[in-house]
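Here's the letter readout for the chains.
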Amino acid sequence: MEEEKLAAIDADRYDFYVDHMYVDRIDSREYKHKKARLIYADGGIIHVFTTTKHWYLPARFYMWIPANTTYHLESTSSRIPLYSFYFKQQHIPSVLSTPNIFLSNDLVREMFLFAQDWSGGISKTADYSKYCLLRAMMAIIPDTSSPIDAFPMQHPYPKSEKLRSVARYLNSNIDQAYTIEQIAAQFGMSSRSLSRLFKEDMGISYIRFLRAIRIAKALELMSENSYSILEIAMRVGYNELSSFSNIFTRVTGIRPSIYMAKINGYKE
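In this text the structure is predicted, and so the values were computed from the model without any measurement.

A. Just the pattern of salt bridges, in detail. Scanning the model with the defined rule gives 2 salt bridges in all. A salt bridge links Asp-19 to Lys-5; its shortest N-O distance comes to 3.1 Å. Here Asp-19, found in strand 1 (residues 16-23), pairs with Lys-5, found in helix 1 (residues 3-10); they are 14 residues apart in sequence, far enough to count as distant. Using a relative accessible area of 5% as the deciding quantity, one classes Asp-19 as buried.

Spelled out as structure tokens, the structure:
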């Protein structure tokens, strides 16, 4: 993102700022804005890194990033329509004071798409109709994002380069059921040392981290609408559908069949 655009986003003369793009590779530099940011991806999967969490933003979900949050974005998906809306702090309900991800319902998604050709700063005096829609967006989002639609899938991300190498390896071999002993041997460590590194660096176990990246990959495959749930389960390392379904529900709060139905419903 260019310095000129960053300055425009934070300019006090704009109540809102809108910036949409097609993304092939997201700039992974860290950013911090005076305005809050709402991001909606209409395909693929976006990885959002804050200072403490790694969030997964699948297609048809939107993420709220509060003002003054340090973050960066990454993606391996190609040609993703990425919608971004920036909001002044005084327009934001208190319930949106922390980062969160929600499944967009029909109304919210239509509002995003209605504004797909907008670009640049928006103020009450110069762009009143656009101003009103964005104010309405902020008013209805807390009420239309019901508890089942909340998508709290996030976890700490490795700080050490050693664990980041482990994460990249696991992502590249996501269909394999590697034990911690096998991964430790692959990286010239003992399983005890690797287990301790996970706890000290991330505060979670190897098993929990592996489970999280498997579910993230499953979400990406679901958004493609090319595989059955059983096929997806096998592609991310689960041999039994029941095990995959139970873990998916535990991690995301949504059963895979419900998630697939919602995603497919949007595409009809």
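We are not done yet, so read on.
B. Inspection of helix 6 (residues 191-202) at higher detail. With 12 residues, helix 6 should reach 16 Å at 1.5 Å per residue; the first-to-last C-alpha distance of 16 Å fits that figure. When we look at burial in helix 6, the residues that qualify are Leu-194, Phe-198, Asp-201 and Met-202. Looking straight down helix 6, one finds its buried side chains confined to an arc of 90 degrees; they lie on one side. Away from the buried face of helix 6 by more than 90 degrees, exposed residues Arg-192 and Glu-200 are located. Gly-203, located one to two residues past helix 6, shows a positive phi value of around 75 degrees.

C. Up close: a nonpolar patch on the surface. Side chains of Leu-230, Met-234 and Leu-241 sit close together on the surface and give an oily, nonpolar patch of about 270 Å² of accessible area. Within the secondary structure, Met-234 sits in helix 8 (residues 229-235).

Rules behind the numbers
- The residue numbering used here restarts from 1 in each chain and proceeds along that chain's sequence as written.
- Per-residue local features are limited, in this predicted model, to residues with pLDDT of at least 70; the limit for side-chain atom pairs, both in listing and counting, is 80 or more; totals at the level of whole chains, interfaces and linings are taken over all residues.
- Hydrogens and water molecules were not included; the side-chain quantities draw on all heavy atoms of the structure.
- The working definition used for a salt bridge is a side-chain nitrogen of Lys or Arg within 4 Å of a carboxyl oxygen of Asp or Glu.
- Strands are runs of DSSP state E lasting at least 2 residues, helices are runs of H or I lasting at least 4, and numbering of each runs from the N terminus.
- For every residue, the accessible area (1.4 Å probe, protein chains only) is compared with the maximum for its type, and the residue is labelled buried under 20%, exposed over 50%, or partly exposed between those bounds.
- By this rule, a helix spans an expected 1.5 Å times one less than how many residues it contains.
- The arc in question is formed by the directions pointing from the helix axis toward the C-beta atoms.
- Patch membership needs two things, relative accessible area over 30% and no salt bridge, and members are linked within 9 Å if like-charged or within 5 Å if nonpolar (Val, Leu, Ile, Met, Phe, Trp, Tyr).
- Surface accessibility follows the Shrake-Rupley procedure with a 1.4 Å probe radius. Residue values consider only the protein chains on display as shielding.

Keep in mind these values describe shape, not function.
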